[in-house]
Amino acid sequence: MYSGGTSMDVLLRKSSLSDYEIIDEMLCKLHKYHVENKPEVYKEIEHFFSKEEFENILEENIFFILSILDGVVVGLIWYRKAEKGNKFEKNRTQLWIDGIYVDERYRNKGIAKRLLSKVMDIAKNDGIDSIESMVWDFNEASKKLFAKYFEVRAHIMSYNVKL
């Protein structure tokens, strides 16, 4: 059981190749949200990854954790491991969260919090130095979630030249 507003059994597990279709569907919905809010940046797509691209991704340092309720995938978090460091910056290992998505019907039940907590636990257990994510300013739900655990370290400023 977890404390996310409602009492329910939620299973978290790493993805496999057989999860391609549901992951593609969820990432397309997440992408559509970005297209609707930043059409000057994002374009509409039919598939987020091809099955071949997804298969290759699973062999790299890129991971998906799925949230499953009653046998149905209801959410995911997508992250990758990256080594950072150069002559200006100290060497460190980071986890970059590239996306988090929860099906509309299951939002506000603590599922995103559970997914994020799982990645935080993985980072602690694997000796990761930091977890990073870039959250668009329009994404109030993600800003609220991440603000509970993360600090704002930088702002990306943008000037649209082609107004």
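As shown above, the structure is provided for reference.
Once a new chain begins, its residue numbering starts again from 1 and follows that chain's sequence as written. pLDDT decides what is reported in this predicted model: residues at 70 or higher carry local features, side-chain atom pairs at 80 or more are listed and counted, and totals for whole chains, interfaces and linings draw on all residues regardless. With hydrogens and water set aside, each side-chain value is computed from the structure's full complement of heavy atoms.

The next point concerns the packing of aromatic side chains. Stacked, edge-to-face and tilted are the three classes for Phe, Tyr and Trp ring pairs, Trp counted by its six-membered ring, which pair at centre distances within 6.5 Å; planes under 30 degrees apart are stacked, over 60 edge-to-face, the rest tilted. If you walk through the whole model with that rule in mind, you get 12 aromatic pairs. With centroids separated by 5.0 Å and ring planes inclined at 85°, the aromatic side chains of Phe48 and Phe49 adopt a geometry described as edge-to-face. Given a relative accessible area of 23%, Phe48 falls into the partly exposed group. The class of Phe49 is buried, set by a relative accessible area of 9%. Ring geometry for Phe64 against Trp78: centres 5.7 Å apart, planes inclined by 20°, an arrangement best described as stacked. Here Phe64 is found in strand β2 (residues 62-69), whereas its partner Trp78 is found in strand β3 (residues 72-84), with 14 residues between them in sequence. Each member of the aromatic cluster is reached from another via a ring pair, and the members are Tyr20, Phe48, Phe49, Phe54, Phe64 and Trp78. Type-normalised accessible area, obtained with a 1.4 Å probe on protein chains alone, sets the label of each residue: buried when under 20%, exposed when over 50%, and partly exposed for intermediate values. Strands are runs of DSSP state E lasting at least 2 residues, helices are runs of H or I lasting at least 4, and numbering of each runs from the N terminus.

Taken in spatial order, the 5 strands make up an open sheet running β1-β2-β3-β4-β5, and their pairing is mixed. The open sheet has two edge strands with one neighbour each: β1 (11-14) and β5 (130-133). Across the sheet, the mean angle separating the axes of adjacent strands is 30° when strand polarity is ignored. Whether two strands pair comes down to DSSP finding at least two bridges between them. Summarising the sheet, β1 and β2 pair through 4 bridges and their orientation is antiparallel. From the neighbouring strand, Lys14 faces β2, where its bridge partner is Ile65. Residue contacts follow a heavy-atom distance rule, with two residues in contact if any of their heavy atoms lie within 4.5 Å. Lines fitted to C-alpha atoms define the axes here, with helix axes fitted over just the stretch in contact, and angles between the N-to-C directions of these axes take values from 0 to 180 degrees. Those strands touched by helix α3 (residues 111-125) are β1, β2, β3, β4 (92-102) and β5, and its axis lies near 165° from that of β4.

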